[in-house]
Amino acid sequence: MSVEIASFRDEDEPCLVLVSLACPACLSSDVDWRLLDTADDPSVRCECRWCGNTRIVYLTHGQALRLALQAPWPLDLTPRAPALL
Ligand SMILES: [Zn+2]
């Protein structure tokens, strides 16, 4: 099993975060994601709603914080200015 590391930057727009979590098997961005509660080794569990592919993506602490702050809002593909978040 290979280790996957998220590629978004902490300040990226939600659409770029979503794309980085998109399913590598079918390329769908319709992914259920859930931060795993591991302070030492932050990661996010991603499950594709289309093909069911499930994987763990490892995060930097900054990325984990970004996803934690993002959680109340749905990630979507619409680019938005950061000031509107
Ligand atoms: Zn998929």
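See the structure above.
Below is a summary of the structure that appears in this document. For every chain, the first residue of its written sequence is number 1, and the numbers climb from 1 along that sequence. Local features are withheld for residues below a pLDDT of 70 in this predicted model, meaning they are given only at 70 or higher, and side-chain atom pairs are given and counted only at 80 or more; totals for whole chains, interfaces and linings count all residues.

Strand order in the open sheet formed by 4 strands is E1-E4-E3-E2, and the pairing between neighbours is mixed. One side of each edge strand has no neighbouring strand; the edge strands of this open sheet are strand E1 (4-5) and strand E2 (31-36). Inspection of the sheet shows strand E3 (residues 43-48) paired to strand E4 (residues 54-58) by 5 bridges, in the antiparallel sense. Of the residues in E4, the one forming a bridge with Glu 47 is Thr 54. Two strands pair if DSSP finds at least two bridges between them. For the purposes of this entry, the term helix denotes a DSSP run of H or I that reaches at least four residues, the term strand denotes a run of E that reaches at least two, and both are numbered from the N terminus.

Neighbour density around each residue's C-beta defines its exposure: 20 or more other C-beta atoms within 10 Å make it buried, 12 or fewer make it exposed, and counts between make it partly exposed, where C-beta atoms are placed from the backbone. By the burial criterion, the buried members of helix H2 (residues 61-70) are Gln 63, Ala 64, Arg 66 and Leu 67. What you see down the axis of H2 is that its buried residues fit within an arc of 160 degrees, all on one side. What points out from H2, more than 90 degrees from its buried face, is the exposed set His 61, Ala 68 and Leu 69. Residues of H2 that are buried make contact with helix H1 (14-20), E2 and E3. Note that the arc is defined by the directions from the helix axis to the C-beta atoms. Here the contact rule is simple: place C-beta atoms from the backbone, and any two residues whose C-beta atoms are within 7 Å are in contact.

A few words now on the pairing of E2. As paired elements, E2 and E3 share 6 bridges and run antiparallel to each other. When the bridges of E3 are listed, Trp 33 appears paired with Cys 46. Once E2 ends, the chain turns through 6 residues before running back antiparallel as E3.

Turning our attention to the nonpolar core. A general feature of soluble globular proteins is that nonpolar side chains tend to end up buried together. By convention in this section, buried Ala, Val, Leu, Ile, Met, Phe, Trp, Tyr and Cys residues joined through C-beta atoms within 7 Å make up a nonpolar core. Leu 21, Val 31, Val 44, Cys 46, Val 57 and Leu 59 are the most contacted members of the largest nonpolar core, which totals 14 residues. Those elements that provide at least two residues to this core are H1, E3 and H2. It is E3 that contributes the most residues to this core, 3 residues altogether. Once residues lying within four places of it in the same chain are set aside, the contact partners of Cys 46 are Leu 21, Val 31, Trp 33, Arg 55 and Val 57.

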